[in-house]
Amino acid sequence: MLFYRQLGPIRAMSFDLDDTLYDNHPVIERLEQQVTQWLHQQHPLTASQPNAWWVSLKRQIAVQNPWLRHDVTQWRFEQVRQGLLQLGYSASLAQQVAEETIHEVLRLRNLVDVPPMTHQVLSSLAEKLPLIAITNGNVDVEQIGLSGYFQSVLKAGPDGRAKPYADLFEKASHRLALPARMILHVGDHLVTDVQGAKQNGFQSCWYNDQGLTLRESSRATVLPDVEIHRLEQLNQLIS
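Computed from a prediction, not measured in an experiment: that's the story for all the values here.

> When you look at the overall build of the protein in this model, what are you seeing that I'm missing?
Within the protein, the regular secondary structure consists of seven helices and seven strands. Its helices and strands in sequence order give the protein the pattern β-β-α-α-α-α-α-β-β-α-β-α-β-β, from N to C terminus. Here the C-alpha atoms of the protein give a radius of gyration of 19 Å, agreeing with the 18 Å that 2.2 N^0.38 yields for 239 residues. Viewed in the frame of its principal axes, the protein has a C-alpha envelope of about 60 × 35 × 35 Å. Here the protein holds 239 residues, and 49% of them are scored as buried. Taking as baseline every contact in the protein between residues at least 6 positions apart, the subset at least 24 positions apart corresponds to 64%. A total of about 11800 Å² of accessible surface is found on the protein, and carbon and sulfur atoms cover 49% of it. Averaging the coordinates of the 21 positive side-chain charges in the protein and doing the same for the 25 negative ones gives two points 5 Å apart.

> It is not clear to me how the pattern of salt bridges should be interpreted in this structure. Could you clarify?
Scanning the model with the defined rule gives 10 salt bridges in all. Where Arg-81 meets Glu-78, a salt bridge forms, and the shortest distance between an N and an O atom there is 2.9 Å. Of this pair, Arg-81 and Glu-78 both sit in helix α3 (residues 72–86), three residues apart, which is roughly one turn of that helix. In this structure, Glu-104 and Arg-107 form a salt bridge, with 2.8 Å as the shortest nitrogen-oxygen distance. On the criterion of helical spacing, the pair formed by Glu-104 and Arg-107 is a turn pair, its members being three residues apart in helix α4 (residues 91–109). Judged by its relative accessible area of 40%, Arg-107 falls in the partly exposed class. Through salt bridges that share partners, Arg-5, Lys-198 and Asp-225 make up one connected network.

> Please clarify how the packing of aromatic side chains should be interpreted in this entry.
Aromatic ring pairs are reported here in terms of the distance separating the ring centres and the angle at which the planes meet. Using the criterion set out here, one finds three aromatic pairs in the structure. Looking at Lys-58, its charged tip hangs above the ring of Trp-75, at a distance of 4.7 Å from the centre.

> What am I meant to see in the side chain of Thr-46 here?
Positionally, Thr-46 belongs in the loop between α1 (25–42) and α2 (51–64). We classify Thr-46 as buried; its relative accessible area is 1%. Within the structure, Thr-46 has its side chain in polar contact with the backbone oxygen of Leu-39 (distance 3.3 Å).

> In this structure, what is going on with the nonpolar core? I would like to understand it.
The nonpolar side chains of a soluble globular protein tend to be buried with one another. With 31 residues, the main nonpolar core has Met-13, Phe-15, Leu-146 and Leu-234 as its most contacted residues. Looking at this core, the elements that each hand over two or more residues are β2 (12–15), α5 (116–126), β3 (131–135), β5 (183–187), β6 (203–207) and β7 (226–228). If one sorts the elements of this core by residue count, α5 sits on top with three residues. Filtering out sequence-adjacent residues up to four positions away, Leu-146 remains in contact with Leu-21, Tyr-22, Val-114, Thr-118, His-119, Leu-122 and Val-141. Residues Ile-132, Leu-154, Leu-168 and Phe-169 belong to the second largest nonpolar core, which totals 15 residues.

> What am I meant to see in the pairing of β5 here?
Regular strands place side chains that alternate from one sheet face to the opposite one. Of all five residues that make up β5, five are buried, and the element is covered over most of its length. Burial of the side chains of β5 extends over both faces: Ile-183, His-185 and Gly-187 are buried on one face and Leu-184 and Val-186 on the other. As paired strands, β2 and β5 are joined by four bridges and run parallel to one another. The partner of Met-13 across the bridge, within β5, is Leu-184. Taken together, the four bridges between β5 and β6 define a ladder with parallel strand orientation. Following the sheet pairing, Gly-187 is matched in β6 by Trp-206.

What counts, and at which threshold
Residues numbered from 1 in each chain as written. Predicted model: local features only at pLDDT ≥ 70, side-chain atom pairs only at ≥ 80, totals over all residues. Heavy atoms only, no water. Helix = DSSP H or I, 4+ residues; strand = E, 2+ residues; numbered from the N terminus. Rg over C-alpha atoms; globule rule 2.2 N^0.38 Å. Buried < 20%, exposed > 50% of the residue type's maximum accessible area, 1.4 Å probe, protein only. Contact = heavy atoms within 4.5 Å. Areas by Shrake-Rupley, 256 points an atom, 1.4 Å probe, with all protein chains shown as cover. Lys, Arg positive; Asp, Glu negative; His and termini not counted. Charge placed at Lys NZ, Arg CZ, Asp CG, Glu CD. Salt bridge = Lys/Arg side-chain N within 4 Å of Asp/Glu carboxyl O. Phe/Tyr/Trp six-rings, centres within 6.5 Å; stacked < 30°, edge-to-face > 60°. Lys NZ or Arg CZ within 6 Å of the ring centre and 35° of its normal. Polar contact = N/O pair within 3.5 Å; in protein donor to acceptor, adjacent residues only side chain to side chain. Core = buried A, V, L, I, M, F, W, Y, C linked by side-chain atoms within 4.5 Å. Pairing = 2+ DSSP bridges.

The following block contains the structure:
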């Protein structure tokens, strides 16, 4: 554990989800592979365009509607819907297939293996102070077995702009009924979590389980208050 500043009183914690409480990389890799296979099987016409075409379409859609970058579910929905329209599907069929695709995406999205240590740490912390989750993703904490630890879960899109924007941090402070300075935000990302927390008045804990260093990271623009390498170290911060 490394301290960069003296921590103030901690009356609550907010948590990033993906890659903080579990390894999300294999989940997304599997999702992308299997949802593509599913689309090709169910709608072979989708295989007529290479993956690069679908990626380019997704970027174009975000240029046309920048808000979609804050809502990963709706962004993917529009990618599929508009792609199918360009491939010749009717508007009603493209809408239907896009909805079916999102259903499959969310099923795959929530096949998450949460480590036992995460449950142990959250259970211990939740006995001492309120916890809230703040995520830019679309995981369902109930489906992955984490809902019992959090008083509230805030998601980019439905609850506002994605971190590091202020929306989710401000809502978290409001729901916890605490000033931002008394909340410690825990997350792995140096921009969305560390920078987002600090520029919105939260104390910041960088979860660095990858052996990274601040000096070597181009994303490091703001120092966290504390850096941890294992989640269980959070227990040492609570008296």
